[in-house]
Amino acid sequence: MNTETRRFRWTDWPVLAIAGLAAVLAVLVILYVNTAPRTAARSERATQFSHFAQGVDDVALTDSSGAQLTWADLNGKPRLVFFGFTNCPEICPTTIAEMSAAIEAIGPAARQIEVDFVSVDPARDTPDHLAVYMESFGPQFRGLTGDRAQIDRLVSAFRASYEYVPTEGDDYTVNHTAITYLVNAEGRVVDIIGYGSPHERTVAQIRALVGA
Amino acid sequence: MQISRIHFIAMLAALTVIACSPASDAQSARNTIAAEDPWIAATNPGAGVGGGYVTLRNTGATADRLISASSSRAGRVELHEMSMTGGMMRMRPVAGIDVPAGGSVSLAPGGLHIMFIDIDAQFENGQRVPVTLHFEHAGAVDVVFAVRTRPVGGGHEH
């Protein structure tokens, strides 16, 4: 009995020490794996888009209420920017619905965020028409339209593109970039959301934008 | 095993469609196309267009082809295919959509769809939209599309 207990005592301490060291190491490794690369990836991701949306402060647009504004006027609040058109059957309504659902999922913390839907079909998307289209999503959602030349400057500054495709008769549809840009209050693009990205990921990205 | 069960269910579905179809004898005799889960995504107010989706199953022994569509709710109906390349959404009109003999083709979000242009009013959840699909062999097939809210979140329904 005694020898057995003593043997356990002798071996217990080194075992405990090794186990303790291993535990500390494991915690450190988990902390490193979980946080360090993620924050690194996030800041790396942010710098990846730092050249986006530069030199467009003076781009003149009209919002869905009919107000004239410049791109710089929109600074001050974090926002989601998307290029589209109201005669878009799938991508645009899906994106707006998805952003609306994500903002709702985040709750009060996302109340400050704004969503800017920039029309790449300004001939058909008048401010009045955009107002009707965006209305049901609430006051956070704003349609923007304007001169083609002004919109083109914005599109190229976001490294986006669009093109008109003729359909039957003299009608046309529009091919366009289907990316949602996450812009901070200073007007910098910090992240992007691709079309069809999982809901949970979109929520996490928008959460990071609003600092929630 | 699984394939034969699916075939059996498809045949049952097709038979049900044929049995319940109020079409004339001449029409039902050559009605070899079954339209499964026809739906149109609810549109935003002010949107001039809507997208329709359906799985077309050809129960006949001859390959068929959807060549056009029409609806009293739209000024014009076209067949389109959407694709995504490098973050760019591209849309192109297609002349027809093949439905192989004994096989099926799916018109689904992200790919082939029926494009309703100049719609008379907003497509609202719960509405039923009458559509006529025109096939090379099966001829005109009347299908009622149900309007549904589009699922969001990359397939994750809310």
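Here, the structure is the one placed above.
Report on the accompanying structure. Predicted model only: the values in this text are computed from it and were never measured. (Residues numbered from 1 in each chain as written. Chains lettered and ligands numbered in written order. Predicted model: local features only at pLDDT ≥ 70, side-chain atom pairs only at ≥ 80, totals over all residues. Heavy atoms only, no water.)

Here's the deal with unusual backbone geometry
Residues and elements named next belong to chain B. Residue D37 is not a glycine yet carries a positive backbone phi of 45°. The residue D37 is located in strand β1 (residues 33-41) in this model. Phi is positive for D118, close to 55°, though the residue is something other than glycine. When you line up the elements, D118 lands in strand β8 (residues 112-119). (Helix = DSSP H or I, 4+ residues; strand = E, 2+ residues; numbered from the N terminus.)

Side note on the interface of chain A and chain B
In many reports, interface size means the accessible area that the parts give up when they come together. Listed per partner, the contact involves 38 residues of chain A and 30 residues of chain B. Note on chain A versus chain B: buried area summed over both sides is about 2,500 Å², and carbon and sulfur give 59% of it. At the surface where chain A touches chain B, the tally comes to 3 salt bridges. Seen at the junction of chain A and chain B, the total is 13 residue pairs in polar contact (both at pLDDT 80 or more). Here the element with the most residues in the side of chain A that touches chain B is helix α2 (residues 91-106) of chain A; it accounts for 7 residues. Per-class residue counts for the side of chain A that touches chain B are 18 nonpolar, 14 polar and 6 charged. Two strands pair when backbone bridges link them, and strand β7 (residues 172-177) of chain A and strand β5 (residues 88-93) of chain B are joined in this way by 2 bridges, in the antiparallel orientation. Within β5 of chain B, the residue paired with H176 of chain A across the bridge is M89 of chain B. (Contact = heavy atoms within 4.5 Å. Buried area = accessible area lost by both parts, 1.4 Å probe. Salt bridge = Lys/Arg side-chain N within 4 Å of Asp/Glu carboxyl O. Polar contact = N/O pair within 3.5 Å; in protein donor to acceptor, adjacent residues only side chain to side chain. Nonpolar A, V, L, I, M, F, W, Y, C, P; charged D, E, K, R; others polar. Pairing = 2+ DSSP bridges.)

Re the pattern of salt bridges
Once their charged atoms are close, side chains differing in charge can pair, the charge on each being opposite to the other. Counted according to the given criterion, the structure contains 16 salt bridges over all chains. Taking the shortest distance from any N to any O, the salt bridge between D116 of chain A and R142 of chain A comes out at 2.7 Å. With a gap of 26 residues between them, D116 of chain A in strand β4 (residues 114-119) and R142 of chain A in strand β5 (residues 141-145) connect regions that are remote in the sequence. Considered together, D116 of chain A and R142 of chain A belong to a single accessibility category, that of buried residues. Residues E168 of chain A and R76 of chain B are paired through a salt bridge, measuring 3.7 Å at the closest nitrogen-oxygen approach. Here R76 of chain B lies in strand β4 (residues 74-85) and E168 of chain A lies in the loop between β6 (162-166) and β7, a pairing that spans two chains. Among the residues examined, E168 of chain A registers a relative accessible area of 45% and is labelled partly exposed. Through salt bridges that share partners, D121, R124, E168 and D171 of chain A together with R76 and E78 of chain B make up one connected network. (Buried < 20%, exposed > 50% of the residue type's maximum accessible area, 1.4 Å probe, protein only.)

Let's talk about the side chain of S100 of chain A
Looking at the secondary structure, you find S100 of chain A in helix α2. Apart from the residues within four sequence positions on either side, S100 of chain A is in contact with F137 and F141 of chain A.

Quick look at the pairing of strand β9 (residues 128-135) of chain B
Residue and element names in this part refer to chain B. With 5 bridges joining them, strand β3 (residues 64-71) and β9 adopt antiparallel strand pairing. Residue pairing in the sheet places L66 in a bridge with F135 of β9. Between β9 and strand β10 (residues 139-148), which pair antiparallel and follow one another directly, the connecting turn spans 3 residues.

Digging into empty space enclosed by the protein
For the structure on display, the rule yields 1 cavity of 30 Å³ or more. The computed volume of the largest cavity comes to approximately 60 Å³. Considering the residues around the largest cavity, the lining is formed by 13 residues, among which C88, P89 and P93 of chain A together with T43 and V49 of chain B are closest to the centre. Here the lining of the largest cavity takes 3 residues from strand β2 (residues 49-58) of chain B, the largest share from any one element. For the lining of the largest cavity, a count of residues per class yields 8 nonpolar, 4 polar and 1 charged. (1 Å grid on protein atoms, 1.4 Å probe; cavity = no way out; pocket = protein on both sides within 12 Å on 5 of 7 lines; lining within 4 Å. Points joined across faces, edges and corners; volume = space filled by probe spheres on them.)

A word on α2 of chain A
Because each turn of an α-helix spans 3.6 residues, side chains separated by three or four positions end up pointing in the same direction. Residue and element names in this part refer to chain A. Spanning 16 residues, α2 covers 22 Å between terminal C-alpha atoms, matching the ideal 22 Å at 1.5 Å per step. Burial analysis of α2 places 13 of its 16 residues in the buried class, which makes it a mostly covered element. G107, located one to two residues past α2, shows a positive phi value of around 85°. (Expected span 1.5 Å × (residues − 1).)

In short, the description is geometric, and any link to function would need to be established separately.
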